[in-house]
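# Coordinates in review
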Amino acid sequence: VAVLDVQVNDTNTLVEVTMQGSEMTSPVSGWSMLANGEITTPLETTVCPAADANQQVSCTLEFVVAVGTPTLIYARDDEKAQWLGE
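The structure contained in this document is the topic of the report that follows.

Here we take up the packing of aromatic side chains. Between two aromatic rings, the relevant description is the distance of the centres plus the angle of the planes. Throughout the structure, instances matching the rule amount to two aromatic pairs. Ring-pair connections join several aromatic residues into one group, and the members of that group are Trp-31, Tyr-74 and Trp-83.

Printed below as a string of structure tokens:
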């Protein structure tokens, strides 16, 4: 699991991610963002393809607009990680 890029614009925060691992019925599951004093999950407009354990998945997660520096969080099964946006 890795965050490749974070872009904040006037309408949302776009987070480019890549991941590979156990059966991912929903690669969006487990992602959240700490920004604006709140923890949010990806917006419903996020589209990320499901994959089996041997495939790498890359997609762009959409979150609310972040004011300041967002922290991206991944917590699923026994794996936990965080990244500080720019």
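So, about the pairing of strand β5 (residues 57–63). Here β5 shows one buried face, formed by Val-57, Cys-59, Leu-61 and Phe-63, and one open face, formed by Ser-58, Thr-60 and Glu-62. Relative to β5, strand β2 (residues 13–19) runs antiparallel, the two being bridged by seven bridges. Each bridged residue has a counterpart across the sheet, and for Leu-14 the counterpart in β5 is Glu-62.

Within the open sheet, the four strands sit side by side as β4-β3-β6-β7. Their pairing is antiparallel. Two strands in the sheet have a free side with no partner beyond their single neighbour: β4 (38–40) and β7 (79–84). Going from strand to strand, the sheet's axes swing by 20° on average, the running direction of each strand aside. Pairing between strand β6 (residues 71–76) and β7: six bridges, direction antiparallel. Among the inter-strand pairings, Arg-76 is bridged to a residue of β7, identified as Glu-79.

Before going further, it helps to examine the sheet that holds strand β1 (residues 2–8). Spatial ordering of the open sheet is given by β1-β2-β5, a layout of three strands whose pairing is antiparallel. Strands with a single pairing partner mark the edges of an open sheet, and in this sheet they are β1 and β5. This sheet shows a mean twist of 20° between the axes of neighbouring strands, independent of strand direction.

With zero of six residues buried, β7 lies mostly on the surface of the structure. Hairpin connection of β6 to β7: two residues between the antiparallel strands, including Asp-77 at a positive phi of 55°.

What follows covers unusual backbone geometry. Of note in the backbone geometry, Asn-36 takes a positive phi value of approximately 60° without being a glycine. Of note, Asn-36 is situated in the loop between β3 (31–35) and β4. Although it is not a glycine, Asp-77 adopts a positive phi angle of roughly 55°. Note on placement: Asp-77 falls in the loop between β6 and β7. By relative accessible area, Asp-77 is classed as exposed at 65%.

What counts, and where the lines are drawn
Residues numbered from 1 in each chain as written. Predicted model: local features only at pLDDT ≥ 70, side-chain atom pairs only at ≥ 80, totals over all residues. Heavy atoms only, no water. Phe/Tyr/Trp six-rings, centres within 6.5 Å; stacked < 30°, edge-to-face > 60°. Buried < 20%, exposed > 50% of the residue type's maximum accessible area, 1.4 Å probe, protein only. Helix = DSSP H or I, 4+ residues; strand = E, 2+ residues; numbered from the N terminus. Pairing = 2+ DSSP bridges. Axes fitted to C-alpha atoms, helices over the stretch in contact; angles between N-to-C directions.

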